[in-house]
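# Inside the fold
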Amino acid sequence: MPEKNQPPVFSGWGVTAVLGPTNTGKTHYAIERMIAHGSGVIGLPLRLLAREVYGRIAARVGEQHVSLITGEEKIVPPKARYSVCTVEAMPSRTSAAFVAIDEVQLAGDLERGHVFTDRILHLRGTDETLLLGANTVRGILEKLLPGLTVVERPRLSQLQYAGARKITRLPRRSAVVAFSADEVYAIAELIRRQRGGAAVVLGALSPRTRNAQVELYQNGDVDYLVATDAIGMGLNLDLDHVAFAQDHKFDGYQYRPLNPAELGQIAGRAGRHVRDGTFGVTGRVDPFGEETVERIEAHVFDPVRILQWRSKDMDFADLQALRRSLDRLPPTQGLTRALPAVDQQALDYLVNYPEIRDLATTPERVARLWDACALPDYRRIAPAQHADLIATLFADLVQLGSVNEDFMAEQVRRADRTDGEIDTLSARVSQIRTWSYVSHRPDWLADPTHWQEKTREIENRLSDALHERLTKRFVDRRTSVLMKRLRENAMLEAQISVDGDVYVEGHLVGQLAGFRFTPDSEAEGPDAKAVLGAAQKALSIEYEARAARLYAAGNSDFAIGSDATVRWVGEPIARLTSGDDMLRPRVVLLADDHLSGTARTHVAARIERFVQHHIATVLKPLDDLSRAEDIDGLGRGLAFQLVEALGVLFRRDVADDVKALDQDARAQLRRYGVRFGAYHIFMPALLKPAPAELITLLWALKNDGIDQPGYGELIPALAAGRTSVVTEPGYERTFYKLAGFRFLGKRAVRIDILERLADLIRPALNWKPGTGSRPEGAYDGRRFTTTPAMLSILGATVSDIEEILKGLGYRADEVSAEEAATYLAKQEAPSEEQAAEAPSTTTSDAETQPAATDEQETPAGDEAAEEPASTEIEAPAPAAEAPTEPVTVAEAGEEEQPKPVLLWRPAGNRPETQRPQRQKQGRGRRPAGGTAEAGGAPAGGEQPARDKQQHRRRDNHAPGGKGKDTRGGHPGNRKGKDAERPAPMAARPLRKERPIDPDSPFAKLAALKDKLGK
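Moving on, we get to a nonpolar patch on the surface. Where nonpolar side chains cluster on the molecular surface, the patch consists of Leu 110, Tyr 253 and Leu 339 and spans about 240 Å² of accessible area. With respect to the helices, strands and loops of the structure, Leu 110 is situated in the loop between strand 6 (98-101) and helix 3 (113-122). For Leu 110, a relative accessible area of 32% translates into the label partly exposed.

Next comes the structure, spelled out in structure tokens:
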């Protein structure tokens, strides 16, 4: 029941309800009726819609006569006669002649319904009052407002269901509806990639940002709009289709499906005036049922049976009295007490704060507290945090009389930044809206005008920045402009820049590299064909011009990359692939079909000429050797093998062929740059970065090696002058050889450096005690020690050289540092008797030394020389101890024991101390470096030659030997010095003989040797 002395509020006399579905012109009708009166107030459900209506009325009567009042924005000219407000901002009483309330069906909304109900029941115009809304509230309005006049308006156009479609298949002028910012952004991003872009409308956007986004859509810059249900509340947009990407929403209390009335309110935005519209679903939403579709198309929905209500008569005697007044029950049927809203939730928190209870001690202060609780939660933070902010503001209002300006200045300053992305700017807009609301509250600030201007300026800046970020992220300006021109059937102009960028109507649509056009990744979708078609017109002319320039270009304009791509002035034009001949790869053009006819033939021929010229120039020694006609006989066969091996052969693999070469054949090969090294037959001119890189590429093309691990990784080491590198287990080992390195276990050494190492080892093994000054590293004529010179040329450490020597086929014997020093001291000063008894170099010694190189070959020496009897070690075992090279006795005061000295020898040449000897207790092996006193030979092999021969004879007739030597042959089968030669240790087991392929080059070489021998 109304209180005493209050006018009746449940009367419908003088009130007209204009009801009907969307697109019936209700809002337009209300604007026309208000302008017909001298003054008026209209309340709208959203500040976005309020902004739109404000603009329409201001355009009719002038801005000086219209005010705009929302929670955080007030534009109130002194002579304003008309007020456009959000429903929450409408005055409780007014003297205006006209009052209109839009979307009155929201009085049933759980969150905001009580505000609409209060305005419906209490606010009246002196001459006319209009209630605008859906037919669903007719029954409840007629029940609550007796005498109400109802006017029903039909929809101006038809609304039809179009079913389910993919987002990328939606027609132009469509709106996609979702109910979370994340979903809205994801859909807008997809549309940008596929269709050029979309405008974005959310309720959290500032009016300025929202208007800028709507204008983007209305102007035709984009054909799609992605929005929340904010568009369902009267926004007038040129929409032809509404698609639901979600059909569930969170209403502030629960996550629930939308009812048919809510779906109809949003779907009704499709169609404008007399133009029909359609609606449907998209994304992961299931198609609507037949009943739902029929109700939406016919605008038949369940009626609103009750309205949300909250008492407007507040008791401010104390905090508890205020809470009791909020808990009052509605005075009549058809109304229900509303759930606690944001302001009531904040009050429930604040009454528990001791400091608030201490301040709210008078009715005036309680009323001020309730006024502060009306602060909207724009930031969408936790209720407790929102209550803390209200508590701070209330304390300032009570204790200082106004909000502390230093506190407010700091909060405003934090929001005054336009950097960051969309979410960051949205958060700042929400924050500044809070302080804009504070600045518009009466008596809250000492200088409200200053802060109103300040907050409006910041909000405008943030809104513009947010609009810019939204447009940059969700709108492809290039595609949208091009699509607009295409719809206008305009001729598109295409241009190509000097950098190869292809532009259509000034917008980049792709890149022309060589003779291939690559469309821009964003030039996709159904309209892309038309855009690219315009680009192709310019490309056809450009291809002809480029073909002519390429045909006349010099070789310096071309290059071959490590990826087998041939480039012309930096642009890819062809790719090399494997051919029948490794040195003659095939050339595959990288060109579109627009390069055709004579132009294509000329381009292909010019590229092939360059490729052959480049290979012949960079690999000239190899190319000359492959074409040599003055090499014949066995030399020609070796040349063929060298070309097939791309310039490097292991000497052990062709040892027989090399021995069979006469000096004339060797001289012929040397003239073509072939070098006969101790370990390799190779061409030094190819051990440079450019030839090595090209050789690696040609081999990789033939063997599908470009994608294999290690491809191209060794060339930088070669270019940097590295003489050795640490090997990578995962690399293809052939790449080491192609780059000019020999793979030796844990380390790979450059081939020419290994030959220099052989030059250092050879004098150490050739020297015999008592024959002259001892070369560096020489020990006893059979073994040697490593020297600083060896380490220097290898670029390796002491531990590294051990792996290298093992890989080359050398083995190490250990002797103590003291013993080595004593022995070398004797060699430095030999006695006359020792000099006389010093053994001479034997054939056995010569055979175990590194093979002579080009500089040291002689007709007889090269034939007698052999490589160490060991193959390349694939994974040599690590040494038992780190090798060292001391040549002097350790100092007396040194605590640590000196490390043993490693004496290196070819694998097939065992020292005398390790050869089998007959002993009284049976056959055994003496320890390395054993002395005569211990029953062994003198250290370093000082046993006289005659004693050695006696030992050999005894060994040959040892028990069980039956006259056979240790190599398994009978002494009678050997003659001369060979009969006395010690049996070398077997380096490896004999390999099983394989049948010879008659078509292999080695079979042909053998046949040639037989023919020459006959």
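Attention now goes to the sheet that holds strand 32 (residues 747-750). Strand order in the open sheet formed by three strands is 30-32-31, with antiparallel pairing between adjacent strands. Strands with a single pairing partner mark the edges of an open sheet, and in this sheet they are strand 30 (724-726) and strand 31 (741-744). Here the average twist between neighbouring strands, direction ignored, is 20°.

This part takes up helix 12 (residues 363-373). When we look at burial in helix 12, the residues that qualify are Val 366, Leu 369, Trp 370, Ala 372 and Cys 373. For helix 12, the angular spread of buried residues about the axis comes to 160°, placing them on one side. Against helix 9 (319-326), helix 10 (342-350), helix 11 (354-359) and helix 13 (383-399) lie the buried residues of helix 12.

This brings us to the sheet that holds strand 28 (residues 675-676). One open sheet accounts for three strands, arranged 27-29-28; its pairing is antiparallel. Each end of this open sheet is capped by a strand with a single partner; those strands are strand 27 (648-650) and strand 28. Summarising the sheet, strand 27 and strand 29 (residues 680-682) pair through three bridges and their orientation is antiparallel. Among the inter-strand pairings, Leu 649 is bridged to a residue of strand 29, identified as Ile 681. The strands touched by helix 21 (residues 634-644) are strand 27, strand 28 and strand 29; relative to strand 27, the strand with the most contacts, the crossing angle is about 110°. Running at roughly 130° to strand 29, helix 27 (residues 751-766) makes contact with strand 27, strand 28 and strand 29 of the sheet.

So, about the nonpolar core. Counting 75 residues, the largest nonpolar core has Ile 607 and Leu 619 as the members making the most contacts within it. Once you skip the residues sitting within four places of it in the chain, Leu 619 turns out to touch Leu 583, Leu 686, Pro 691, Leu 694, Ile 695 and Leu 698. By size, the runner-up hydrophobic cluster in this structure holds 64 residues, among which are Ala 360, Ala 387, Ile 422 and Ala 465.

Looking now at the environment of Val 201. Positionally, Val 201 belongs in strand 11 (residues 199-201). Classification of Val 201 as buried rests on a relative accessible area of 0%. Between the C-alpha atom of Val 201 and that of Val 214, which follows or precedes it by 13 residues, the distance is 7.4 Å. Other than its neighbours up to four places away in sequence, Val 201 contacts Leu 48, Arg 210, Val 214, Leu 225, Val 226, Ala 227, Thr 228 and Ile 231.

We now examine the pattern of salt bridges. All told, the structure shown has 37 salt bridges when counted by the stated rule. Note that Asp 302 and Arg 295 form a salt bridge whose closest N and O atoms lie 2.7 Å from each other. Between Arg 549 and Glu 542 there is a salt bridge, with the nearest N and O atoms lying 3.8 Å from each other. For Arg 549, a relative accessible area of 45% puts it in the partly exposed group. On the basis of relative accessibility, which here comes to 19%, the residue Glu 542 falls in the buried class.

What counts, and where the lines are drawn
For every chain, the first residue of the written sequence is number 1, and numbering continues from 1 onward in sequence order. With pLDDT at 70 or above as the cut-off, local features in this predicted model cover only qualifying residues; side-chain atom pairs require 80 or more to be listed or tallied, and sums for whole chains, interfaces and linings still use all residues. Excluding hydrogens and water, the side-chain figures rest on all heavy atoms present in the structure. Excluding any residue in a salt bridge, patches collect residues exceeding 30% relative accessible area, merging like charges within 9 Å and nonpolar Val, Leu, Ile, Met, Phe, Trp and Tyr side chains within 5 Å. Only the protein chains shown count as cover for residues, and the accessible areas themselves come from Shrake-Rupley with a 1.4 Å probe. Salt bridges are defined as contacts in which a side-chain nitrogen from Lys or Arg sits within 4 Å of a carboxyl oxygen from Asp or Glu. Starting at the N terminus, helices and strands are each numbered in turn, a helix being any DSSP run of H or I of at least four residues and a strand any DSSP run of E of at least two. Each residue is placed in one exposure class: buried if its accessible area under a 1.4 Å probe, protein chains only, is under 20% of its type's maximum, exposed if it is over 50%, and partly exposed if it falls in between. Pairing between strands requires that DSSP locate at least two bridges from one strand to the other. Lines fitted to C-alpha atoms define the axes, with helix axes restricted to the stretch in contact, and inter-axis angles between N-to-C directions lie between 0 and 180 degrees. This arc is built from the directions going out from the helix axis to the C-beta atoms. Whether two residues are in contact is decided by their heavy atoms, any of which lying within 4.5 Å being enough. Think of a nonpolar core as a cluster: buried Ala, Val, Leu, Ile, Met, Phe, Trp, Tyr and Cys residues, connected wherever their side-chain atoms sit within 4.5 Å.

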